[in-house]
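Chain by chain, the residues run as shown.
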Amino acid sequence: MLRMRTSSHTPRPSKCADDETFASSHIESRAQQLHTTGSPMLCRMEAGWVGVETAIEAYFEHHGVTTKLLVLPTTEENKNMELVLKIAEAIHDLGIDRRLDPVIAIGGGVCMDIVGFAASIYRRRTPYVRVPTTLMGYVDASVGAKTGVNFEAEPGVWKKNKLGAYLPPAITLLDRSFLATLDERQLANGAAEIVKMAIVKDPELLDLLAAHGPELIEHKFQKNPYASADAWEADDAASRVLYLAIETMLEELAPNLWEDSLERLVDFGHVFSMELEMALVHQGDEKLFHGEAVAIDMAFSSVLAHVRGHLESETLDLILQTMRGLSLPVYHERFDSPLTAEAIYERVKFSQGQKIPLPAAHGAARLYNDVTQEEMDAALALWKEMCA
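What counts, and where the lines are drawn
- Residues numbered from 1 in each chain as written.
- Predicted model: local features only at pLDDT ≥ 70, side-chain atom pairs only at ≥ 80, totals over all residues.
- Heavy atoms only, no water.
- Helix = DSSP H or I, 4+ residues; strand = E, 2+ residues; numbered from the N terminus.
- Expected span 1.5 Å × (residues − 1).
- Buried < 20%, exposed > 50% of the residue type's maximum accessible area, 1.4 Å probe, protein only.
- Salt bridge = Lys/Arg side-chain N within 4 Å of Asp/Glu carboxyl O.
- pLDDT = per-residue confidence, 0-100.
- Contact = heavy atoms within 4.5 Å.
- Phe/Tyr/Trp six-rings, centres within 6.5 Å; stacked < 30°, edge-to-face > 60°.
- Lys NZ or Arg CZ within 6 Å of the ring centre and 35° of its normal.

1. Concerning helix H4 (residues 109–121)
- Spanning 13 residues, H4 covers 19 Å between terminal C-alpha atoms, matching the ideal 18 Å at 1.5 Å per step.
- Judged by how many residues are buried, H4 sits mostly within the fold: 12 of 13 residues are covered.
- Turning to H4, its buried residues number three or more, namely Gly-109, Val-110, Cys-111, Met-112, Asp-113, Ile-114, Val-115, Gly-116, Phe-117, Ala-118, Ala-119 and Ser-120.
- Positioned one or two residues after H4, Arg-123 has a phi angle of 50°, which is positive.

Shown next as structure tokens:
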């Protein structure tokens, strides 16, 4: 099991005890503090629960802990205040101890975002625990302090994560074996956030994904059963990728946990994607997962960086090929000039300027404030030629 703690203090990955464990005495003491014979609430997603529920129920029964299980339809379509209030009502009815009985969110990123927000507003702060079961939850939503839900700004027009709060979980428990339950689309969805960190911050991670991407998806980020026993690829590629993804995310988030600064490299892939994702969120089969929208944004943004002269064609080709190797989409016809204009308008309005992260080298990125519509239109044309 890979374990990580995020607290109101500056979070840092501790020294590895082995390839898969962030060892920390703080985790053990905090877990012991929260291990009570009270009544924690378990909030879990509807899907992806086969073979897990019995084991978790047996764990709490063994320790003499009474729980209440709340099954939630935690999809992007339901990521709203109505579901937050449903969780708050259940917390209230259970009557948990506001400091010792945690709410435990078991599921993907949407589940942890919603449950975390409910915990942040019920009696101003109720402890909660994150147990991610998806790759997106594992490498992205489990890290940091943000919680939130979408907001219907006007009838039928949804804005992503406009309502939220900063409340770190009491503890986050990461177990790679959950990833073995995911299908290819869910694995690719989470891999988008790993690619993001590779492109903006870590050349080693980018090279690992380029070399092993298809195998990581095929074997669900588990040990490769077909590799020789002494082969480095047998296990270390997946372990190293997951480690670096979380480490680089922590390095970026820790100094700016409350987002006092809006200059954030981790916004790469999130400048244009929110408009695309929200436009399709209620469109049935046309709906994009969050990571898919982020991947499409990253592909376009990488082409934009090339058009602006920041990124060599060889690096652009590597980025696009790596994303394809992870089964990620790199183009969408709804991503057009009006969408880019709207996204830039929203970005400037809410981020005190453009502050657009763009790749500038192999595993490195910078923030730019002078992107023009003409450049974006030129990038759209080249992008279509390369990726449509």
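2. Structural notes on the pattern of salt bridges
- Under the criterion given, the structure shown has 20 salt bridges.
- A salt bridge links Arg-334 to Glu-286; the nearest nitrogen and oxygen atoms lie 4.0 Å apart. With Arg-334 in the loop between helix H11 (313–325) and helix H12 (337–351) and Glu-286 in the loop between helix H9 (273–280) and helix H10 (290–307), the pair connects residues that are 48 residues apart, well separated along the chain.
- Arg-334 sits in the partly exposed class, given a relative accessible area of 37%.
- Bridged by salt links that share partners, the residues Lys-146, Glu-259, Arg-264, Asp-267 and Arg-347 form one connected network.

3. Quick look at the confidence of the model for the protein chain
- When pLDDT is averaged along the protein chain, the result is 87; 86% of the residues meet or exceed 70.
- Counted against residues more than four places away or in other chains, residues 1–31, with its pLDDT under 50, gives 68 contacts.
- This model gives residues 33–37 a pLDDT under 50, and the stretch forms 15 contacts once residues within four places in sequence are excluded.

4. Some remarks on unusual backbone geometry
- Its identity is not glycine, yet Ser-327 carries a phi of approximately 65°, on the positive side.
- Checked against the element boundaries, Ser-327 lands in the loop between H11 and H12.
- Even without a glycine there, the phi angle at Gln-352 is positive, about 55°.
- Taking relative accessible area as the criterion, Gln-352 reaches 66% and is therefore assigned exposed.

5. What about the packing of aromatic side chains?
- The final tally for this structure, using the stated rule, is 8 aromatic pairs.
- Ring centres 4.9 Å apart and planes at 45° place the aromatic pair Phe-300 and Phe-335 in the tilted group. With Phe-300 in helix H10 and Phe-335 in the loop between H11 and H12, the pair connects residues that are 35 residues apart, well separated along the chain.
- With a relative accessible area of 0%, Phe-300 lands in the buried category.
- Phe-335 sits in the buried class, given a relative accessible area of 3%.
- One residue, Lys-162, lies across the ring of Phe-350, its end atom 3.7 Å from the ring centre.
- Over the ring of Phe-289 we find Arg-185, and its NZ or CZ is 3.9 Å from the ring centre.

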